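As a plain string of letters, each chain reads:
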Amino acid sequence: MIAENTQTQMRKGILEYCVLLIISRGEIYASDIIAELKQAKLLVVEGTLYPLLTRLKNNGLLSYNWVESTSGPPRKYYVLTAEGTQFLKQLDTTWQELAYAITTSQNGVQKLADTQN
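It should be emphasised that the depicted structure is a prediction, and the values quoted were computed from it without experimental measurement.

Criteria and thresholds
- Residues numbered from 1 in each chain as written.
- Predicted model: local features only at pLDDT ≥ 70, side-chain atom pairs only at ≥ 80, totals over all residues.
- Heavy atoms only, no water.
- Pairing = 2+ DSSP bridges.
- Helix = DSSP H or I, 4+ residues; strand = E, 2+ residues; numbered from the N terminus.
- Contact = heavy atoms within 4.5 Å.
- Axes fitted to C-alpha atoms, helices over the stretch in contact; angles between N-to-C directions.
- Phe/Tyr/Trp six-rings, centres within 6.5 Å; stacked < 30°, edge-to-face > 60°.
- Buried < 20%, exposed > 50% of the residue type's maximum accessible area, 1.4 Å probe, protein only.
- Polar contact = N/O pair within 3.5 Å; in protein donor to acceptor, adjacent residues only side chain to side chain.

A. Examining the sheet that holds strand E2 (residues 62-69) more closely. Strands sit in the order E1-E3-E2 across an open sheet of three strands; the sheet is antiparallel. On the outer flanks of this sheet lie strand E1 (28-29) and E2, each paired with one strand and no other. Where E1 meets strand E3 (residues 72-80), two bridges bridge the pair, whose relative direction is antiparallel. Pairing of Tyr29 across the sheet is with Tyr77, part of E3. The sheet contacts of helix H3 (residues 46-58) involve E2 and E3, and relative to E2 the element is tilted by about 120 degrees.

Encoded structure:
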């Protein structure tokens, strides 16, 4: 039970970063974001994604365009704003720092130094 809680918190912690990475590749529909997250084994439901997208939009990191659909109502396609792109660059740096911390914790500082030489 404790491991499951920790795993859930770890996934929640990287969800925003992963969503921004997906959107950074180009305009995308929310259902396609969910599909990519599921494929990456970050199981996400609409009830989790839509509030996150709304928060990111309200913070000026995303915008969206309405696109007519041949199979139903118009769809929102999300894109990063310039501010969102800058924010993602900051998260990229943080991710590199975290990845280093994890690798160092797993292998020890000396082993990490040996592999970099």
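B. View of the side chain of Glu16. With respect to the helices and strands, the residue Glu16 is situated in helix H1 (residues 2-24). If near-sequence neighbours (up to four positions away) are discounted, Glu16 is found in contact with Leu52, Arg55, Leu56 and Phe87.

C. Up close: the packing of aromatic side chains. A complete count under the given rule lists four aromatic pairs for this structure. When the centroid spacing of 6.0 Å and the interplanar angle of 65 degrees are considered together, the rings of Tyr64 and Tyr78 count as edge-to-face. Placement of Tyr64 in strand E2 and of Tyr78 in strand E3 is noted, with a sequence separation of 14 residues between them. A residue is classified by how much of its surface remains accessible, and Tyr78, at 5% relative accessible area, is buried.

D. Region of interest: the environment of Glu27. Its place among the elements puts Glu27 in the loop between H1 and E1. The partly exposed category is assigned to Glu27, whose relative accessible area is 43%. Spatially, the C-alpha atom of Glu27 lies 15 Å from that of Pro74, the residues being 47 residues apart in sequence. Reaching out from Glu27, the side chain makes a polar contact with the side chain of Asn65 at a distance of 2.6 Å.

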